[in-house]
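Here is how the chains run, residue by residue.
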Amino acid sequence: MALARNAAVVRKYQTQGIEFAIHGYRHIDHSQLSVEEQNAHFQKAIQIFAEEGIDCKGFRCPYLRWNEATLAALSQNGLAYDSSNSLVWAIDQRHCTDSYYRALEFYGAQPASDYLALPKFNAGQNLVRIPYCLPDDESLIERLIWDSPAEMNQVWPTMFQEIHQRGELFNLGLHPERTYDCADSLEATMRQVQAVATEVWRAPLKEIATWWKNRYQAEVEITDVETNKFRLTVNGPPGATVLLRSVESHTATKPWFDGYQQAVESPCLIQTNKRPFIGISPASSPDLTSFLKQQGYIVEISSQADLYPFYLDRPTFSPEQEQPLDAEINRGSFPLVRLGRWPNGAKSAFCVTGDIDAITVWDYGLRFVGY
Ligand SMILES: [Zn+2]
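Treat the numbers as computed from the prediction; the structure is a model and nothing was measured.

1. Section: helix H3 (residues 68-76)
Considered for burial, the residues of H3 that qualify are Ala69, Thr70, Leu71, Ala73 and Leu74. Buried-residue contacts for H3 involve helix H2 (35-51), strand S2 (58-59), strand S3 (81-82) and strand S7 (127-129). Where H3 begins, the side chain of Asn67 points an oxygen toward the backbone nitrogen of Ala69, at a separation of 3.1 Å. Within two residues after H3, Gly78 carries a phi angle of roughly 75°, on the positive side.

Quick look at the structure:
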């Protein structure tokens, strides 16, 4: 109903490149709702968006509170992404209040030191989950205590630097009603982003979700030209990039980050002493294969472990093992060919999103046009 009242304004922002998404038909705790109830809420919300001519591809739960039924209902309603799960960056405890710790528990936030701040595609549900980064504006202003504004204004830029270095996604949260209080924080962050502008992919959540799914589904055609000499052709979304480590390339490359070269020609022709892909035993978990492909690794299921410089046999694989495995692969110096996580060789990704609670029905992903 609130969307209906404000539809003209929303349509105007939409034409400026700002994405709008569902934030619940009502601003309530979805973790307490059944799949049938959530289905009914999403159907009503989608209908309102459609009637008002507002494009809508995703959802964020009020209070970041979701349950498995939320994901099932989003999937059943054909939505492309959910951005309700959250990761929290460590803040020195002298700044933290009980209210901050309670909020983190209420959100179910997981530590960013143990998990990758990256989307995750669930093929069965055809749904991408994009984690939300904490502390957000509400935590900075209302739940953390600072000796000076300058101290607070350092938090997001520091998070950005770490996320950029890790090559992940900063999904920054900002409610419009706190824009003024957070203006200096946001500006300091945007300066950091701007300083490495060509290395950061800035996009709204719907583009991030689409990219992640399409890049995951990209096919890398590997032709064995002769022993240990391979030709690679990528059949994937525009912007898909091949990265090379510790291999000899017969086609042009340019330096990338973290010991990788970026292929600038397609197809690319490479030579190594072993197959520079990740070998996986046939008994390994499909979750392992899915995870590795989502990071851009090229996976070959094979029982010949000796063909590969890095070979995994893991019949079980849990989310807690994702970050340590990715770190292990990246710490190594063995020959490796992979796809870059982000388009056009970007190292990290950045997105500003906010909950519009004042007009209660939805949420928007704010794209900083021109940055
Ligand atoms: Zn909200």
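Still more ground to cover, so stick around.
2. Some points on the sheet that holds strand S11 (residues 219-226)
Read across the open sheet, the four strands follow the order S11-S12-S17-S14; overall the sheet is antiparallel. In this open sheet, the two strands that pair with only one neighbour each are S11 and strand S14 (248-249). One ladder, built from two bridges, connects S14 with strand S17 (residues 268-271); its direction is antiparallel. Directly across from Glu248, in S17, lies its bridge partner Gln271.

3. Thoughts on the nonpolar core
Counting 37 residues, the largest nonpolar core has Ile208, Ile278, Leu292, Leu325, Ile329 and Trp342 as its most contacted members. Of all the secondary-structure elements, those providing two or more residues to this core are helix H9 (205-216), strand S18 (278-280), helix H10 (286-295), strand S20 (310-312), helix H11 (322-331) and strand S22 (348-355). At six residues, H9 tops the list of elements feeding residues into this core. Residues lining this core come from more than one domain, with at least three contributed by each of domain 1 (2-196 + 348-366) and domain 2 (224-345). For Ile208, the residues in contact, after removing those within four places along its chain, are Pro119, Ile130, Leu169, Trp201, Ala203, Trp342 and Cys351. Membership of the second largest hydrophobic core comes to 35 residues, among which are Leu134, Val155, Phe350 and Val352.

4. Remarks on the packing of aromatic side chains
For the coordinates displayed, the defined rule picks out 15 aromatic pairs. Measuring from centroid to centroid gives 6.0 Å for Trp256 and Tyr260, while their planes differ by 80°, and the two rings are edge-to-face. There is no split in this pair, since Trp256 and Tyr260 are both buried. Three or more aromatic residues joined by ring pairs make a cluster, and in this case those are Trp201, Trp211, Trp212 and Trp342. Seen from the ring of Trp212, Arg215 lies directly overhead, with NZ or CZ sitting 4.6 Å from the centre. Directly above the ring of Tyr216 sits Lys293, whose terminal nitrogen or CZ lies 5.4 Å from the centroid.

5. Some details on the pairing of S22
Looking along a regular strand, one sees the side chains alternate between the two faces of the sheet. Of all eight residues in S22, eight are buried; the element is thus mostly enclosed. Where burial is concerned, the two faces of S22 agree: the one with Ser348, Phe350, Val352 and Gly354 and the one with Ala349, Cys351, Thr353 and Asp355 are both buried. In terms of strand pairing, strand S9 (residues 169-173) meets S22 through five bridges, oriented parallel. In the sheet register, Leu172 faces S22, and the bridge partner there is Val352. Here three bridges tie strand S10 (residues 200-202) to S22, and the two strands are oriented parallel to one another. Counted as the bridge partner of Val200 is Ser348 from S22.

6. Describing unusual backbone geometry
Look at the link from Leu134 to Pro135: it is a cis peptide, with omega at 5°. Mapped onto the fold, Pro135 is located in the loop between strand S8 (132-134) and helix H5 (137-143). In this structure, Asn228 takes a positive phi of about 60° despite not being glycine. Within the secondary structure layout, Asn228 lies in the loop between S11 and strand S12 (229-235).

7. So, the sheet that holds strand S21 (residues 336-339)
Pairing is antiparallel in the open sheet, where four strands are placed in the order S15-S16-S13-S21. Each end of this open sheet is capped by a strand with a single partner; those strands are strand S15 (253-255) and S21. Each neighbouring strand pair of the sheet contributes to a mean axis angle of 30°, computed without reference to strand direction. Both strand S13 (residues 242-245) and S21 contribute to a ladder of four bridges, which runs antiparallel. Considered in S21, the bridge of Val242 is made with Leu339.

8. Considering the packing of helix H7 (residues 155-166) against helix H8 (residues 183-195)
Axis angle and axis distance: for two packed helices, these are the angle between their axes and the distance between the axes, and together they describe the pair. Packing of H7 against H8 leaves a shortest axis separation of 7 Å and a crossing angle of 25°. Classified by the angle their axes make, H7 and H8 are roughly parallel. In terms of crossing hand, the pair formed by H7 and H8 is right-handed. When H7 is examined against H8, the residues Trp156, Pro157, Phe160 and Gln161 are found in contact with a partner set consisting of Ser185, Leu186, Ala188, Thr189, Gln192 and Val193. Class assignment for the residues of the contact of H7 with H8 results in six nonpolar, four polar and no charged.

Conventions and cut-offs
Residues numbered from 1 in each chain as written. Predicted model: local features only at pLDDT ≥ 70, side-chain atom pairs only at ≥ 80, totals over all residues. Heavy atoms only, no water. Buried < 20%, exposed > 50% of the residue type's maximum accessible area, 1.4 Å probe, protein only. Helix = DSSP H or I, 4+ residues; strand = E, 2+ residues; numbered from the N terminus. Contact = heavy atoms within 4.5 Å. Polar contact = N/O pair within 3.5 Å; in protein donor to acceptor, adjacent residues only side chain to side chain. Pairing = 2+ DSSP bridges. Core = buried A, V, L, I, M, F, W, Y, C linked by side-chain atoms within 4.5 Å. Domains from an automatic or database assignment. Phe/Tyr/Trp six-rings, centres within 6.5 Å; stacked < 30°, edge-to-face > 60°. Lys NZ or Arg CZ within 6 Å of the ring centre and 35° of its normal. Axes fitted to C-alpha atoms, helices over the stretch in contact; angles between N-to-C directions. Parallel < 35°, antiparallel > 145°, perpendicular 65-115°, else oblique. Left-handed = near helix turned anticlockwise from the far one by under 90°. Nonpolar A, V, L, I, M, F, W, Y, C, P; charged D, E, K, R; others polar.

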